[in-house]
Amino acid sequence: MKKHFYSDLVTLDTVVEEMATLDLSIRERKELEEFARFHLHETILDAILSELSERDKKIFLANLEYDTHDKVWRHLHEKVENVEDKIRDAAEKLKKELREDVRRVKAS
Amino acid sequence: MPKKLKKSVKELSHYEQLKKHWVKKHKLLQRDVRRKHRQAFEWMGEKIPAREHVAGAAAGALMLSNTLPAVTAAVTPAVENKEDEQVVKVDKTDLLLGHLSASLPGEVKPLTHEEELLIGQILSEDFGIPVSAEYEGKRLNRSYGYIGAEQHLMRFPGDIMYSHLSANETQDRYIYSSGMAPGRGAWGYFTRSKSEMTSLDVERERWYLAVPTFLAPGFMQNVKEHYEWFKYRKMLVVNPKSGQAVIAVIGDAGPAAWTGKHLGGSPEVMIALGLHNGPRKGGVLYFFVDDMENKIPLGPVRAGDYNIKVASRQ
């Protein structure tokens, strides 16, 4: 699994736990976990980009593209107040949605 | 084959239900994010130099994955689906275009070895079909070039436009007006007679490419071997501007260098690539398909249609 700059900040453990209650094969579970990670990645990108000016969006994407986590964080700390909280909030909101999706499927 | 009825929610497994919902959700989310921050993503595609992506093929690929996560694992294998399984395919055209715009040089020109490796990997993953610029030790003179429109080819002695096209095809102005090439293709007729013609012969002519086999490295050293190897060799051709793509076979040799085109496509190929209007010419990527078991049919293909095992970029 690829380590992203936010990997130490947020995990999908609660979604994975919820998925454990479904009737899934190992392959199916892994595939769905992968999807959850894609959702998380897009959601965090959106949350951060929404806080940045057009110029800073480009700097952020370039830092991200070159996979330099230190640079990403240095830049974000300069430009976004309480950036960690904003990332956590966006992730928590998504995780809640994903857990609800899982529960809905289980109940169907 | 009759169209399969969709299963009701009750009949779908947990996996199928959740996957269906999350595929849709992911597409919407991705589209919204790209739309909301379009300027920044477009800038990234244009300004991050391709050569930096390919400083090492693996490193370049790794970088691409940071902002444009792949969804290969989430695609249901269409070629392996069970009879009663509902197939959920993810249209990965947007993803493909993002990957290509960040990796291709600004102009249509021969790719470096590293670029070919990286582009081959991107196409393999995004289409779910193993492809490469070099296959079984053979390659063409380039893998990124201008394709131009060719005419229909005679499939058997006496094949004429009237018998060549179906009633529907005759109504298509472009298909009809392309006309028939006066001579045979480089490998002769596709079959000996109309009565012996199979659907495979029909498909091969419909989806044929003309490539300069005579310019392939090593061709002059072993003409016979190359001649046989290239015959009906399957290729993936991709229009990197639109993501339109087609699986085609090499069915003729050409075009000449002076034409300014690097390969040719049948009228149907040009339509599939969205290059049949205007100058009937455009830049395309063309890579050999590894399809030993002949599982991939000829014709238009979309990124995300398959999930045949390919080596991962990560």
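Here is what the cut-offs are and how they apply
Residues numbered from 1 in each chain as written. Chains lettered and ligands numbered in written order. Predicted model: local features only at pLDDT ≥ 70, side-chain atom pairs only at ≥ 80, totals over all residues. Heavy atoms only, no water. Helix = DSSP H or I, 4+ residues; strand = E, 2+ residues; numbered from the N terminus. Contact = heavy atoms within 4.5 Å. Areas by Shrake-Rupley, 256 points an atom, 1.4 Å probe, with all protein chains shown as cover. Buried < 20%, exposed > 50% of the residue type's maximum accessible area, 1.4 Å probe, protein only. Salt bridge = Lys/Arg side-chain N within 4 Å of Asp/Glu carboxyl O. Core = buried A, V, L, I, M, F, W, Y, C linked by side-chain atoms within 4.5 Å. pLDDT = per-residue confidence, 0-100. Expected span 1.5 Å × (residues − 1). Patch = residues over 30% accessible without salt bridge, like charges linked within 9 Å, V, L, I, M, F, W, Y side chains within 5 Å. Pairing = 2+ DSSP bridges. Phe/Tyr/Trp six-rings, centres within 6.5 Å; stacked < 30°, edge-to-face > 60°. Lys NZ or Arg CZ within 6 Å of the ring centre and 35° of its normal.

Q: Explanation requested: the overall build of chain B in the structure shown.
A: The helix and strand inventory of chain B stands at 12 helices and 10 strands. Excluding contacts between residues fewer than 6 apart, the proportion of contacts in chain B whose partners are at least 24 apart in sequence is 79%. As displayed, chain B offers around 15100 Å² of accessible surface, 53% of which is attributable to carbon and sulfur atoms.

Q: In this structure, what is going on with the overall build of chain A? I would like to understand it.
A: On a plain count of helices and strands, chain A comes out with five helices and zero strands. Overall, chain A shows an N-to-C arrangement of helices and strands of α-α-α-α-α. Counting all 108 residues of chain A, 51% fall into the buried class. Restricting the contact set of chain A to residue pairs at least 6 apart, pairs at least 24 apart contribute 68%. Roughly 5600 Å² of accessible area belongs to chain A as shown, and the carbon and sulfur atoms make up 46% of that amount.

Q: How should unusual backbone geometry be read in this particular structure?
A: A negative phi holds for most residues other than glycine; trans holds for most peptide bonds. The omega torsion of the bond from Gly254 of chain B to Pro255 of chain B falls at -10 degrees, within 30 degrees of zero and hence cis. Among the structural elements, Pro255 of chain B can be located in the loop between strand S7 (245–253) and strand S8 (263–265). Residue Asn82 of chain A is not a glycine yet carries a positive backbone phi of 50 degrees. By the secondary structure assignment, Asn82 of chain A is in the loop between helix H4 (69–79) and helix H5 (83–107). Positive phi, normally seen in glycine, also occurs at Glu136 of chain B, with a value near 50 degrees. Locating Glu136 of chain B in the fold gives a position in the loop between strand S2 (134–135) and strand S3 (138–139). You can call Glu136 of chain B partly exposed: its relative accessible area is 44%.

Q: Help me out: how do you make sense of the pattern of salt bridges in this one?
A: Note on pairing: side chains with opposite charge can pair once their charged atoms come close. Inspection of every chain in the model, using the stated rule, returns 25 salt bridges over all chains. Of the charged contacts in the structure, one is a salt bridge between Arg104 of chain A and Asp101 of chain A, with a shortest N-O distance of 2.7 Å. You can see Arg104 of chain A and its partner Asp101 of chain A sitting in helix H5, three residues apart, about one turn around the helix. Owing to a relative accessible area of 52%, Arg104 of chain A belongs among the exposed residues under this scheme. Residue Lys234 of chain B pairs with Asp291 of chain B through a salt bridge whose shortest N-O separation is 2.7 Å. With Lys234 of chain B in strand S6 (residues 234–238) and Asp291 of chain B in the loop between strand S9 (281–289) and strand S10 (299–301), this residue pair connects regions lying 57 residues apart in the sequence.

Q: How should the nonpolar core be read in this particular structure?
A: Taken as a class, soluble globular proteins show a tendency for nonpolar side chains to be buried jointly. The biggest cluster of nonpolar side chains holds 58 residues, and the ones touching the most others in it are Leu123, Phe127, Leu236 and Leu285 of chain B. With residues near it in sequence (within four places) discarded, Leu285 of chain B still touches Leu100, Leu104, Leu111, Ile119, Leu123, Ser143, Tyr144, Leu236, Val237, Val238 and Pro240 of chain B. Residues Val72, Leu76 and Val105 of chain A together with Leu18 of chain B belong to the second largest nonpolar core, which totals 41 residues.

Q: How do you make sense of the confidence of the model for chain B when you look at a structure like this?
A: Keep in mind that low pLDDT regions are not for reading the predicted coordinates in detail. Residues and elements named next belong to chain B. Per-chain confidence: chain B averages 80 in pLDDT, with 81% of residues scoring 70 or above. When pLDDT is averaged over each element of chain B, S6 comes out on top at 98 and helix H4 (residues 57–67) at the bottom at 33. Every residue in residues 1–6 scores below 50 in pLDDT, and together they form three contacts with partners more than four places removed in sequence or on other chains. For residues 49–87, every residue scores under 50 in pLDDT, and the model assigns this stretch 108 contacts once sequence neighbours within four places are set aside.

Q: Explanation requested: H5 of chain A in the structure shown.
A: Residues that lie three or four places apart on an α-helix share one face, since the helix turns once every 3.6 residues. Given a rise of 1.5 Å per residue, 25 residues ought to cover 36 Å, and the 36 Å separating the end C-alpha atoms of H5 of chain A matches this to within 8%. Those residues of H5 of chain A hidden inside the fold are in contact with helix H1 (13–19), helix H2 (26–49) and H4 of chain A together with helix H1 (14–36) of chain B.

Q: Which parts of the structure should I look at to understand the confidence of the model for chain A?
A: Summarising the model, chain A shows a mean pLDDT of 89, and 96% of its residues fall at 70 or more. Here helix H3 (residues 54–65) of chain A stands out as the least confident element of chain A, with mean pLDDT 84; H5 of chain A is the most confident, with 95.

Q: How should I be thinking about a nonpolar patch on the surface in this particular structure?
A: All names here are of chain B. A contiguous nonpolar surface patch, about 300 Å² in accessible area, is contributed by Met220, Val223 and Tyr227. Inspection of the secondary structure assignment puts Val223 in helix H11 (residues 223–230). In this structure Val223 comes out as partly exposed when scored by relative accessible area, which is 37%.

Q: What is the right way to look at the pairing of strand S5 (residues 208–211) of chain B in this model?
A: A regular strand places its side chains on the two faces of the sheet in alternate fashion. Residues and elements named next belong to chain B. Burial along S5 is two-sided: the face carrying Tyr208 and Ala210 and the face carrying Leu209 and Val211 are both buried. Pairing of S5 with S7 involves four bridges; the strand directions are parallel. Bridged to Leu209 within S7 is Ile250. Pairing analysis gives two bridges linking S5 to S8, with the strands arranged antiparallel. Bridging across to S8, Leu209 finds its partner in Gly265.

Q: What am I meant to see in the packing of aromatic side chains here?
A: Any two aromatic rings considered together are summarised by their centre-to-centre distance and by the angle between their planes. A complete count under the given rule lists 10 aromatic pairs over all chains for this structure. Note on Phe5 of chain A and Phe60 of chain A: the rings are 6.0 Å apart at their centroids and 80 degrees apart in plane angle, and the pair reads as edge-to-face. One end of the pair, Phe5 of chain A, is in the segment before H1; the other, Phe60 of chain A, is in helix H3, and 55 residues separate them in sequence. The pair Phe5 of chain A / Phe60 of chain A is uniform in exposure class, with both members buried. An aromatic cluster is present here, built from Phe5, Tyr6, Phe60 and Trp73 of chain A joined pairwise through their rings. Just above the ring of Trp229 of chain B sits the side chain of Arg233 of chain B; from NZ or CZ to the centre is 3.9 Å. Above the plane of the ring of Tyr146 of chain B lies Lys281 of chain B, whose end atom (NZ or CZ) is 5.0 Å from the centre.

Q: Can you help me understand the side chain of His39 of chain A in this one?
A: Among the secondary structure elements, His39 of chain A is positioned in helix H2. On the basis of relative accessible area, His39 of chain A is assigned to the buried category, the value being 0%. Residues within four places of His39 of chain A in sequence aside, it is in contact with Leu94 and Leu98 of chain A together with Trp22, Lys25, His26 and Leu29 of chain B.

Q: For this particular structure, what's the right way to read the side chain of His37 of chain B?
A: Mapped onto the fold, His37 of chain B is located in the loop between H1 and helix H2 (38–47). Contacts of His37 of chain B, omitting those with residues within four sequence positions, involve Asp46, Leu49, Ser50 and Lys57 of chain A.

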